[in-house]
Amino acid sequence: MTVLEFYKDREKGLLDPAVFTKAKKVADELVQEGKLKSSQFRNYFAELRALENRFQKERKADEATAFARLLPELELLKAKLAYNTRSQGPLKEAKRFVEFMNEALEAGQRSPQDFEAMMKYVEAVLAYFYASGK
């Protein structure tokens with residue numbers, strides 16, 4: 001698995017526009033695979049957005065502590081993904097979605113800035129997925 005990189009210039013906080021090109025490609029692959037319902041994607045995104053909101057609130061007091069609290073929640077989300085791929089699970093055939101989410105979650109755990117970039121990336125994939133009519 002390749003390492004997902006969000007920044008063109010990490011020091012300056014400049015996102016690489018290629019991330020959004022990749023988001024379009026991933027969304028197209030999800031549509032092509034045809035095993036993911038928009039509601040399933042929405043559910044994971046809603047959970048991520050709730051984590052993001054809590055992180056944004058808590059980081060005002062102490063970013064390091066807020067991020068340390070966020071990391072186990074991201075790991076738990078990976079565990080939920082794994083659980084939902086079991087033989088009777090709703091994502092058992094949505095292999096590309098699970099791969100995409102795991103890659104994104106892994107990258108988002110590197111730093112608070114990577115988490116913010118990951119949220120933009122996941123949101124872009126979701127937008128492109130919806131634009132396809134799924």
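Thresholds applied
Residues numbered from 1 in each chain as written. Predicted model: local features only at pLDDT ≥ 70, side-chain atom pairs only at ≥ 80, totals over all residues. Heavy atoms only, no water. Helix = DSSP H or I, 4+ residues; strand = E, 2+ residues; numbered from the N terminus. Expected span 1.5 Å × (residues − 1). Contact = heavy atoms within 4.5 Å. Phe/Tyr/Trp six-rings, centres within 6.5 Å; stacked < 30°, edge-to-face > 60°. Buried < 20%, exposed > 50% of the residue type's maximum accessible area, 1.4 Å probe, protein only. Lys NZ or Arg CZ within 6 Å of the ring centre and 35° of its normal. Polar contact = N/O pair within 3.5 Å; in protein donor to acceptor, adjacent residues only side chain to side chain.

**A look at helix α2 (residues 38–59)**
Then, number 1: A rise of 1.5 Å per residue sets the reference length of α2, with its 22 residues, at 32 Å; its end C-alpha atoms lie 31 Å apart and thus fit the reference within 8%.
Then, number 2: Its buried side turned inward, α2 meets α1 (18–33), α3 (63–83), α4 (95–108) and α5 (112–131).

**Some remarks on the packing of aromatic side chains**
Then, number 1: Inspection of the entire model under this criterion finds nine aromatic pairs.
Then, number 2: Their ring planes at 65° and their centres at 6.2 Å tell us that Phe55 and Phe67 sit as a pair that is edge-to-face. One end of the pair, Phe55, is in helix α2; the other, Phe67, is in helix α3, with twelve residues separating them in the sequence.
Then, number 3: For Phe67, a relative accessible area of 9% translates into the label buried.
Then, number 4: Ring-pair connections join several aromatic residues into one group, and the members of that group are Phe6, Phe41, Tyr44, Phe97, Phe100, Tyr121 and Phe129.
Then, number 5: Taking the ring centre of Tyr83 as reference, the NZ or CZ of Arg86 above it sits at 3.8 Å.

**Re the side chain of Arg96**
Then, number 1: Structurally, Arg96 is set in helix α4.
Then, number 2: At a separation of 2.5 Å, a polar atom in the side chain of Arg96 contacts the side chain of Glu29.

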